[in-house]
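# An overview of the molecular structure
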Amino acid sequence: MRKTVIAGNWKMNNDLAQSEKLINELKNLLQNEKPNCDVIIYPPYTSLSEASKLIKGTVIKLGAQNMYFEESGAFTGEVSASMLKSVGCEYVILGHSERRTIFEESDEVINKKIKKALSARLKPIFCVGELLSERETGITNDVIKRQILGGLNGVTEEEMKNIIIAYEPVWAIGTGKTATPSQAQEVHEFIRDLIQIDYSLETANDVTIQYGGSVKPDNAKELLSQKDIDGALVGGACLKADSFLGIIKSV
Ligand code: PGA
């Protein structure tokens, strides 16, 4: 049985005090809940150390929003996998569409990051997704295939046990436009088929594939009821503890 994972990508939001407040609110709300899923938060780098202390003893797990593929050295402004481990991160988002488009990260760079994260025992949340223009010209599957094969190049079947994939159509991120459950299901199934061809039926059945793009408490249940959708990567709606909890409770 694969795991359902609800994760909150805070993006570039919340300074230290705001991060503490949001985590404490979430902790309070989760106190009397037994979530039917794994819960992960991805605060900005500057809040990770404190977040790691605040979530001790709770169900909340911690991840970072990005990292660099080198171990250390003259890479001004970058953060390494071992640095993230040292502040309590278990997960790292890689290949987010904002990294791909704003910071021009290629499939090759994302692949290097995925391999580095895995070797440092950080679990990558590997994001893929098509632009609106790509969907409109009917090349969604080609784009997803290129991103999946490029990102996972050289990743072993054993390592696949530590990867979560997130399908995030770029046109649905932060726009309020969600993919319909059937549009999302179609791409999730396509991704699972790709994993089966590249690895095995077992690995394809075991890999968690999250959906991301304007997930909210009122649309989460329908999306999560699709057979190949195993969770959500949430942006905007994770910045308020009650709406993030609403999504967690819809599992
Ligand atoms: P959104 O962001 O929920 O605000 O659309 C999702 C994401 O970028 O992971």
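Bear in mind the structure is a predicted one, so any value in this text is a computation, not a measurement.

### Observations regarding the sheet that holds strand 7 (residues 209-212)
- Taking strand neighbours around the barrel as the criterion, the eight strands line up as 1-2-3-4-5-6-7-8 in a closed arrangement whose pairing is parallel. Each adjacent strand pair in this sheet contributes to an overall mean axis angle of 25°, direction not counted.
- Judged from the two bridges that link them, strand 7 and strand 8 (residues 231-234) form a sheet pairing that is parallel. By the bridge assignment, Tyr211 is partnered in strand 8 with Ala232.
- Against the sheet, helix 7 (residues 140-151) contacts strand 5 (123-128) and strand 6 (164-167), and its axis sits at roughly 155° relative to strand 5.

### Brief notes about the nonpolar core
- By size, the foremost hydrophobic cluster in this structure holds 66 residues, and its most contacted members are Ile148, Ile165, Ile191 and Ile195.
- Setting aside chain neighbours within four positions, we find Ile148 in contact with Phe126, Val128, Ile165, Ile191, Leu194 and Ile195.
- By size, the runner-up hydrophobic cluster in this structure holds eleven residues, among which are Ile40, Tyr42, Cys127 and Ala166.

### Considerations on the layout of surface pockets
- If you add up the space inside the largest pocket, you get close to 490 Å³.
- Looking at the largest pocket, it is lined by 17 residues, and the ones nearest its centre are Met12, Gln65, Asn66, Arg99 and Phe103.
- Of all the secondary structure elements, the ones that give two or more residues to the lining of the largest pocket are helix 2 (45-54) and helix 4 (97-101).
- Among the residues forming the lining of the largest pocket, the class breakdown is seven nonpolar, six polar and four charged.
- Of the volumes computed, that of the second largest pocket is approximately 400 Å³.
- At the level of secondary structure, the elements contributing two or more residues to the lining of the second largest pocket comprise helix 8 (157-160) and helix 10 (201-206).
- The residue inventory of the lining of the second largest pocket, partitioned by class, reads seven nonpolar, three polar and nine charged.

### Things to note about empty space enclosed by the protein
- One pass over the full model with this rule turns up one cavity of 30 Å³ or more.
- By volume, the largest cavity is sized at about 30 Å³.
- In terms of lining residues, the largest cavity is bounded by Tyr211, Val215, Ala220, Leu223, Leu224, Ile229, Gly231 and Ala232.
- Of all the secondary-structure elements, those providing two or more residues to the lining of the largest cavity are helix 11 (217-224) and strand 8.
- Per-class residue counts for the lining of the largest cavity are seven nonpolar, one polar and no charged.

How each quantity is defined
- Residues numbered from 1 in each chain as written.
- Predicted model: local features only at pLDDT ≥ 70, side-chain atom pairs only at ≥ 80, totals over all residues.
- Heavy atoms only, no water.
- Pairing = 2+ DSSP bridges.
- Helix = DSSP H or I, 4+ residues; strand = E, 2+ residues; numbered from the N terminus.
- Axes fitted to C-alpha atoms, helices over the stretch in contact; angles between N-to-C directions.
- Contact = heavy atoms within 4.5 Å.
- Core = buried A, V, L, I, M, F, W, Y, C linked by side-chain atoms within 4.5 Å.
- Buried < 20%, exposed > 50% of the residue type's maximum accessible area, 1.4 Å probe, protein only.
- 1 Å grid on protein atoms, 1.4 Å probe; cavity = no way out; pocket = protein on both sides within 12 Å on 5 of 7 lines; lining within 4 Å.
- Points joined across faces, edges and corners; volume = space filled by probe spheres on them.
- Nonpolar A, V, L, I, M, F, W, Y, C, P; charged D, E, K, R; others polar.

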